[in-house]
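Fold and contact review
If you want the building blocks of each chain, they are given just below.
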Amino acid sequence: MELKDIFGKALLDYQSGKYTEDLITSTNISEDDELPIPYLFRAFKDMPMLEQKALQLAKGKILDVGCGAGSHSLYLQEEGFSVKAIDVSEGAIDVATERGVKNAELKALLDETETFDTILLLMNGTGIFQELSEVSTYLNHLKLLLNPGGQVLIDSSDIKYMYEDEDGGLWIDTQANYHGELDYYLSYKGEDEIPMKWLYLDFETLNLACQTVGLKCEKILDGAHYDYLARLYY
């Protein structure tokens, strides 16, 4: 099913000076929350610690997956790296290009065929895996895209805390799907995007999935709120 690219419209509005309101996000386990559009245009100094660390560890020829407005790619370009930015949002690619990203392409990760020394999946990079059953498909593809000695830098969160009740107990349904599989809703200026699947992976589950496809998985850093940055390599 084709997305309406509401995300891209919001980025284009901001880029062209028509910013009047923010994106609204929600999931099947959380209420509406604002995603401030200016945040998607942030400079390195305004990025969370995990993102800063990932950018500092990037090396060689780099692929920025789900590049959005291109903030990560722009920083790396300024540092002298060769960067390719991809996203499934046409608006995002238009904005990234307008902002100066030299090589930005409308493309899904599974359609990418070039090889790289560093692949970045940031801002909950496991999200695009969508469901636990798809993780090995994506990891195997990432492995194919890595040059010898290459690395994938990816962040995610263990969202188990979102299921806690007031007494600290968990109300996870053990018969249901993995607790990090969410339905993700996005709206902007009264228009709703088609709901998407979005996956948060705890580190142990990511590590196990990596082992099954022959990737090593190393935790680089813990973030401030159940999040982490990991490095995958073989």
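About the criteria used
- The numbering scheme is per chain: residues are counted from 1 as the chain's sequence reads.
- Local features in this predicted model are restricted to residues whose pLDDT is 70 or higher, and side-chain atom pairs enter the listing and the counts only when it is 80 or higher, whereas totals over whole chains, interfaces and linings include all residues.
- Derived side-chain values reflect all non-hydrogen atoms in the structure, with water molecules and hydrogen atoms excluded from consideration.
- Strands here are runs of E lasting at least two residues and helices are runs of H or I lasting at least four, both read from the DSSP assignment and numbered beginning at the N terminus.
- In this setup the radius of gyration rests on C-alpha atoms only. A globule is expected at 2.2 Å times the number of residues raised to 0.38.
- Two residues form a contact once any of their heavy atoms are found within 4.5 Å.
- Here the open area of atoms and residues is found with the Shrake-Rupley method and a 1.4 Å probe, where only the protein chains shown may cover a residue.
- By the counting scheme adopted, Arg and Lys are positive, Glu and Asp are negative, and His together with the chain ends is not counted.
- To locate a charge, take atom NZ for lysine, CZ for arginine, CG for aspartate or CD for glutamate.
- Cysteine sulfurs are considered disulfide-paired once they come within 2.5 Å of each other.
- The buried label applies to any residue whose accessible area, calculated with a 1.4 Å probe on protein chains only, is under 20% of its type's maximum; exposed applies above 50%, and partly exposed to all values in between.
- Whenever Lys or Arg places a side-chain nitrogen within 4 Å of a carboxyl oxygen from Asp or Glu, that contact is recorded as a salt bridge.
- Here, a strand pair is defined by DSSP locating no fewer than two bridges between the strands.
- Orientation is described by lines fitted to C-alpha atoms, with helices fitted over the stretch in contact, and by angles between N-to-C directions that extend from 0 to 180 degrees.
- Joining through side-chain atoms within 4.5 Å is the link that ties buried Ala, Val, Leu, Ile, Met, Phe, Trp, Tyr and Cys residues into a set, and such a set is a nonpolar core.

1. Overview of the overall build of the protein chain
Helix and strand counts for the protein chain come out as 6 helices and 12 strands. In terms of C-alpha radius of gyration, the protein chain reaches 17 Å, essentially the compact-globule figure of 17 Å for 234 residues. The principal-axis extent of the C-alpha atoms belonging to the protein chain is close to 50 × 45 × 35 Å. Counting contacts in the protein chain only where the partners sit at least 6 residues apart, residues at least 24 apart contribute 62% of the total. If you sum the accessible surface of the protein chain, you get close to 11500 Å²; carbon and sulfur atoms cover 48% of it. In the protein chain, the 19 positive side-chain charges and the 42 negative ones have mean positions that sit 9 Å from each other.

2. Here's the deal with the state of the cysteines
For the structure on display, the rule yields 0 disulfides. Between Cys210, a free cysteine, and Cys217, which holds the nearest cysteine sulfur, the sulfur-to-sulfur gap is 4.3 Å. Overall, Cys210 belongs to the buried group, its relative accessible area being 0%.

3. Quick notes on the pattern of salt bridges
One pass over the full model with this rule turns up 13 salt bridges. Among the ionic pairs, Asp46 bridges to Lys45, the shortest N-O distance being 3.3 Å. The exposure class of Lys45 is exposed, given its relative accessible area of 67%. The partner of Lys84 in a salt bridge is Glu112, with the nearest N and O atoms 2.9 Å apart. One end of the pair, Lys84, is in strand S4 (residues 82–87); the other, Glu112, is in the loop between strand S5 (104–106) and strand S6 (116–121), and 28 residues separate them in sequence. Here the salt bridges share partners, and the residues they tie into one network are Lys61, Lys84, Glu105, Lys107, Glu112 and Glu114.

4. Observations concerning the side chain of Asp155
With respect to the secondary-structure elements, Asp155 resides in strand S7 (residues 146–157). Nearest to the buried, unbridged Asp155 among oppositely charged side chains is Arg42, at 7.7 Å. Contacts of Asp155, omitting those with residues within four sequence positions, involve Leu121, Leu122, Met123, Asn124, Gly125, Thr126, Tyr228 and Leu229.

5. Quick look at unusual backbone geometry
Unlike most non-glycine residues, Met123 shows phi in positive territory, near 65°. By the secondary structure assignment, Met123 is in the loop between S6 and helix H5 (135–145). Backbone geometry at Lys189 places phi at a positive 50°, although glycine is not the residue there. Turning to its location among the elements, Lys189 is positioned in the loop between strand S8 (181–188) and strand S9 (191–192).

6. Examining the sheet that holds S5
If you walk across this open sheet you meet the 7 strands as S5-S4-S3-S6-S7-S12-S11, and the pairing is mixed. Each edge of the open sheet is held by one strand with a lone partner, namely S5 and strand S11 (216–222). Strand-to-strand twist across the sheet, computed as the mean angle between neighbouring axes with direction ignored, equals 20°. This element, helix H3 (residues 71–78), spans strand S3 (61–65), S4 and S6 of the sheet and lies at about 170° to S4. H5 rests against S3, S6, S7 and strand S12 (227–233) of the sheet, and its axis sits at about 145° to S7.

7. Thoughts on the nonpolar core
Among the nonpolar cores identified, the biggest contains 29 residues, and Ile119, Leu121, Phe129, Leu139, Leu206 and Leu232 are the most heavily contacted of them. Broken down by secondary-structure element, the contributors of at least two residues to this core are S3, S6, H5, S7, helix H6 (203–213) and S12. In terms of nonpolar packing, the next biggest core, distinct from the first, is built from 19 residues, Ile37, Ala92, Tyr163 and Tyr188 among them.

8. Quick look at H3
Because an α-helix completes one turn every 3.6 residues, residues spaced three or four positions apart along the sequence face the same direction. Judged by how many residues are buried, H3 sits mostly within the fold: 7 of 8 residues are covered. Among the residues making up H3, those that are buried are Ser71, His72, Ser73, Leu74, Tyr75, Leu76 and Gln77. The secondary structure elements touched by the buried residues of H3 are helix H2 (49–57), S3, S4, helix H4 (90–99) and S6. Just downstream of H3, Gly80 is the residue with a positive phi angle, here 95°.

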